Amino acid sequence: MNAIATTVGRARKTFGAIGMFLGLGMALVLSATPAQAQFATPRGVVGGPVGEIRIEGTQRIAPETVRAYVTIQPGEAADAEQLDKSLKALFGTGLFADVAMRQEGPALVVRVVENPIVNRIAFEGNRRMKEENLTNEITLRPRTVFTRAKVQADVKRLQDIYRRSGRFAATIEPKVIQLPQNRVDLVYEIEEGQVTGVQRINFVGNKNFADGTLREQIQTRESRWYRFLSSDDVYDPDRLSYDRELLRKHYLSYGYADFRVVSAIAELSPDREGFYVTFTIEEGERYRFGTIDVSSQIRDLKTEDLKARVRASAGAWYDADLVDGSVTALTDFAGSAGYAFAEVRPRVQRDREARTVSIVFEVQEGPRVYVERINIVGNVRTIDKVIRREVALVEGDAFNTSKMRTSRRRIQNLQFFDRVDVTNVPGESPDRTVVNVEVAEKSTGELSFGIGFSTADGPLLDGSIRERNLLGRGQDIRLGGTVSGRRNQIDLSFTSPYFLDRNMSAGFDLFHIRRDYQREAGYDFQSSGFVLRNGYVLSENFKQEVRYTLRNDDIMSVNPLASAIIIDAQGGVLQSGFGHTTTYDRRDDTVDPTDGYAVKLSNDVAGVGGDAKFLKSSISGQYYFPIAQEYVFALVGEVSNIFGYSGDGVRLQNRLQLGGDKFRGFRTQGLGPRDRATGNPLGGNVLYSGSAEFMFPTGMPREFGLRGLLFSDFGSLSKFDRPPAGRPGATSLVDDSSSLRVSVGAGFNWRSPFGPVRVSLAKAVMKEEFDRTELFRFSFGSRF
């Protein structure tokens, strides 16, 4: 860039005196067109036979190259048609700024003016765009022929790049600097301007939904200060097309079968600082479902079984999503029955007078098509087999659209790719199809640091480094640590999802944790160890994991005034044992579920060496029911039991705990058996707990991530094993009750730009006198 600036300065000094002359000459040369050059040719050029062809004006280009484009040969007459073809051929090469032909006696003289050669290309003013990205977009390159048409085309390409990034006010002006030997430097002077946001989104023709409701349905957003981490408020014409489809989908889900978007117009404000977007719509009338029926041409599929899979019901408001869901359910049912080629076509009959939509789902066996080949493209780092093993189809299988959709979902769930497209195209014969899997990889490495505060741990700092696709093999490794006022932790985990190329996972966890329970119980707790894991899939939603655990749990720094039972328990307990967890998961999302259920059963036995000897069993479940859009009701429950089969029973280090985040309205370890004299919690052997939650929007924009909660937690923790007779604490008085405790409360969860924020206010309405309660619980964390 400095060299170019120096060149510009020298050019200005050297050619300052004759700059105007050269500029005028250059403008005349660049403005010349084939038609103008042809008219400039002397009329006397058409004459008798040509004796020779003489080339003039060439510098870099060999005269033989020019002769090759002249269609007239020596001995032929120089007629107007041949001269016109020659002129067009020479201009078509792009090598010449001007071409003229004249006849001097028997000689045909072809005089050319060569286009200059690009010496260097530079960009000035590009602060938001990398020079590499701009260079890749243009077609001109150093040491190529300069033409005005190419420059104009490149300017348009550069403007398109800036517009795609939301900078519609960007201006690009090419500057040509002439150099000796018919060379030029090309400088693109760029004024990037500000990001052109969407100042306002308006709707015309909406009677049944308010503007604010419709704005929540589309992806484009109005510019607001809190959207600084999002680009949805930057105008994008492609996103506007997607918004039209989102509006259509919204209205069809509410029964407006005649809905259409008349127009979607974006107008740039006079100051070019923002767009005004206007959707003009026609809602039409609202329809109900009429008659719903199923017609099957496959004899083995009973109509009664098929009707049970239809999600739409007569008399309900028409919902296009229910129709699509019914088609998918019927296709999956037919496929599971062995009819991989079944096709389901909804035949729709609309009655505009009665405002009903009657549907007959026609199930018929489609043409038999088999998978010829599976192509995987776009994976640069991820090896093929990582993707191929998630594809539910293999070469030679009967083609099944349901399995193709499942394949896309499974590949997307890997979280290795920004985009996953699974399509099929015809194969080499009519009964063959080729499945194409196209992916676009994204970064799978994570380096994060965090700062936050919680009621349980106080101020905290944490950090982690993680790679979810180690060496492109789909393996997950993570190293993390946390330092807080009451908890210090470091852990390392590794998981191979397809151990030994089989459909089972294997991995390990190493951990060291130290927690401060001085405030609640008068001691510190330290745990160190490792877990070996092996998991396998029993079915699509049914999974099993077995594990071996070796850990040392140590009660230390015991307060001399603590319970005698705690003093007796101080020291380390080595736990060695095996366990398993069986999970059946039908939730729509494992991170933020809104529909479905999950059930988990766990059993652990300790005593394969070590000091601890116990059997622990636990069953838990979750159920999510969407009442309306963004309104979700959830039920969560757990029952656990642990008992020891040695003389010491279950040690304090291994007992169950309840309270805090698991039971709002009660402190950490706020429930369960408690020493009557000191008030220290002692843990319990029998636990049952549950929670009923109602999640609802707060009226804030959806992307703001704020969700309200109404909840009630309930449960209890009871029973514990006293120290053997003669040991400290054997005769201590303990408050213990299995009575039901209940709390009610409200709160909100906010996915803020600075990290998750969770706030809850809860009141214990049923409790025992010895329980420890709290009203307010808050946690905040930021990761960057």
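Everything quoted here is computed from the prediction, not taken from an experiment.

What about the overall build of the protein?
In step 1: Along the protein, the regular secondary structure elements total 14 helices and 33 strands.
In step 2: On C-alpha atoms alone, the protein measures out to a radius of gyration of 38 Å, which is more than a quarter above the 28 Å that the 2.2 N^0.38 rule sets for 784 residues.
In step 3: Principal-axis analysis of the C-alpha atoms gives the protein an extent of 130 × 70 × 55 Å.
In step 4: If you take every contact in the protein between residues at least 6 apart in sequence, the share linking residues at least 24 apart comes to 59%.
In step 5: For the protein, the exposed surface amounts to about 40,900 Å²; the carbon and sulfur share of it is 53%.
In step 6: Taken as two groups, the 103 positive and 99 negative side-chain charges of the protein have centres that lie 2 Å from each other.

What about the packing of aromatic side chains?
In step 1: Applying the stated criterion across every chain, the model contains 22 aromatic pairs.
In step 2: Relative to Tyr251, the ring of Phe209 has its centre 5.1 Å away and its plane inclined at 85°; by these criteria the two rings are edge-to-face. Placement of Phe209 in the loop between strand 7 (197–204) and helix 8 (211–217) and of Tyr251 in helix 9 (residues 237–253) is noted, with a sequence separation of 42 residues between them.
In step 3: Take Phe209: its relative accessible area is 14%, and that puts it in the buried class.
In step 4: Measuring from ring centre to ring centre gives 5.8 Å for Tyr517 and Tyr523, while their planes differ by 65°; the resulting arrangement is edge-to-face. For the pair formed by Tyr517 and Tyr523, the shared burial category is buried.
In step 5: A cation over a ring is seen here: Arg288 above Trp317, with NZ or CZ 3.7 Å from the ring centre.
In step 6: Just above the ring of Phe711 sits the side chain of Arg664; from NZ or CZ to the centre is 3.8 Å.

Section: the side chain of His250
In step 1: Along the polypeptide, His250 turns up in helix 9.
In step 2: Sequence-distant contacts of His250, that is, excluding residues within four places in its chain, are made with Phe209, Leu214 and Gln217.

What about the pattern of salt bridges?
In step 1: Using the criterion set out here, one finds 54 salt bridges in the structure.
In step 2: Linking Arg248 and Glu245 is a salt bridge whose minimum nitrogen-to-oxygen distance equals 3.3 Å. Here Arg248 pairs with Glu245, and both are found in helix 9, just three residues apart, close to one helical turn.
In step 3: The class of Arg248 is partly exposed, set by a relative accessible area of 40%.

So, the nonpolar core
In step 1: Counting residues in hydrophobic clusters, the biggest one holds 24 residues, and the most contacted among them are Leu301, Leu306, Tyr318, Ile359, Phe361 and Val363.
In step 2: Of all the elements in the fold, those that place two or more residues in this core are strand 10 (288–296), helix 11 (320–336), strand 11 (342–351) and strand 12 (356–365).
In step 3: Among the elements that line this core, the one with the most residues is helix 11, at six residues.
In step 4: One finds Val371, Ile374, Phe399 and Val435 within the second-largest nonpolar core, a separate group that totals 20 residues.

A few points about the confidence of the model for the protein
In step 1: Per-residue pLDDT for the protein averages 86, and the proportion of residues at 70 or more is 91%.
In step 2: In the predicted structure, residues 1–45 sits below a pLDDT of 50 and forms 47 contacts with residues beyond four places in sequence or in another chain.

Remarks on helix 7 (residues 148–164)
In step 1: The terminal C-alpha atoms of helix 7 lie 25 Å apart, and with 17 residues this matches the ideal 24 Å at 1.5 Å per residue to within 8%.
In step 2: Three or more residues of helix 7 are buried, namely Val151, Asp154, Val155, Leu158, Ile161 and Tyr162. Down the axis of helix 7, the sector holding all buried residues measures 115°, keeping them to one side. The exposed set on the far side of helix 7, more than 90 degrees from its buried face, consists of Ala149 and Arg164.
In step 3: One or two residues past the end of helix 7 sits Gly166, with phi positive at roughly 90°.

Considering the sheet that holds strand 4 (residues 117–124)
In step 1: Strand order across the open sheet formed by three strands is 4-6-5, with mixed pairing between neighbours. Where the open sheet ends on each side, the last strands, each with one partner, are strand 4 and strand 5 (171–179). Going from strand to strand, the sheet's axes swing by 20° on average, the running direction of each strand aside.
In step 2: Here nine bridges tie strand 5 to strand 6 (residues 183–191), and the two strands are oriented antiparallel to one another. Bridged to Thr171 within strand 6 is Glu191.

Here we look at unusual backbone geometry
In step 1: Phi at Leu471 takes a positive value of approximately 55°, unusual for a residue other than glycine.
In step 2: Tracing the sequence through the fold places Leu471 in the loop between strand 17 (458–470) and strand 18 (475–484).
In step 3: Looking at Leu471, the relative accessible area reads 64%, which means it is exposed.
In step 4: For Leu500, which is not glycine, the phi torsion reads 55° and is therefore positive.

Rules of the game
- Per chain, the residues get numbers from 1 upward, laid out in the order the sequence is written.
- Selection of residues for local features in this predicted model requires a pLDDT of at least 70, selection of side-chain atom pairs for listing and counting requires 80 or more, and totals for whole chains, interfaces and linings are taken over all residues.
- The basis for every side-chain value is the complete set of non-hydrogen atoms in the structure, without hydrogens or water.
- Working definition: helices are DSSP H or I runs of at least four residues, strands are E runs of at least two. Numbering for both runs from the N terminus.
- Every radius of gyration here is taken over C-alpha atoms, with the globule rule written as 2.2 Å times N^0.38, N being the number of residues.
- Residues count as neighbours in contact if any of their non-hydrogen atoms are within 4.5 Å of one another.
- We get accessible surface area from the Shrake-Rupley algorithm with a probe of 1.4 Å; when it comes to residues, only the shown protein chains can shield them.
- The sign given to each residue is positive for Lys and Arg and negative for Asp and Glu; His and the chain ends receive no count.
- In plain terms, the charge of a residue is placed at NZ if it is Lys, CZ if Arg, CG if Asp and CD if Glu.
- Note on ring pairs: Phe, Tyr and Trp rings are taken, using the six-membered ring of Trp, and paired if centres are within 6.5 Å. Classes follow the plane angle, with under 30 degrees stacked, over 60 edge-to-face and the rest tilted.
- Note on classification: 1.4 Å probe, protein chains only; a residue is buried when its accessible area is under 20% of the maximum for its type, exposed when over 50%, partly exposed between these limits.
- Each ring is checked for a lysine NZ or an arginine CZ that lies within 6 Å of its centre and within 35 degrees of its normal; such an atom marks a charge sitting over the ring.
- The term salt bridge refers to a pairing of a side-chain nitrogen on Lys or Arg with a carboxyl oxygen on Asp or Glu at a separation within 4 Å.
- By convention a nonpolar core is built from buried Ala, Val, Leu, Ile, Met, Phe, Trp, Tyr and Cys residues, the set being connected through side-chain atoms within 4.5 Å.
- The predictor attaches a confidence to each residue, and that confidence, scored 0 to 100, is pLDDT.
- Expected span of a helix: the number of residues minus one, times 1.5 Å.
- Picture the helix axis, draw a direction to every C-beta atom, and the arc is the one those directions span.
- Two strands qualify as a pair provided DSSP detects at least 2 bridges between them.
- All axes are obtained by fitting lines to C-alpha atoms, using only the stretch in contact for helices, and the reported angles, taken between N-to-C directions, cover 0 to 180 degrees.

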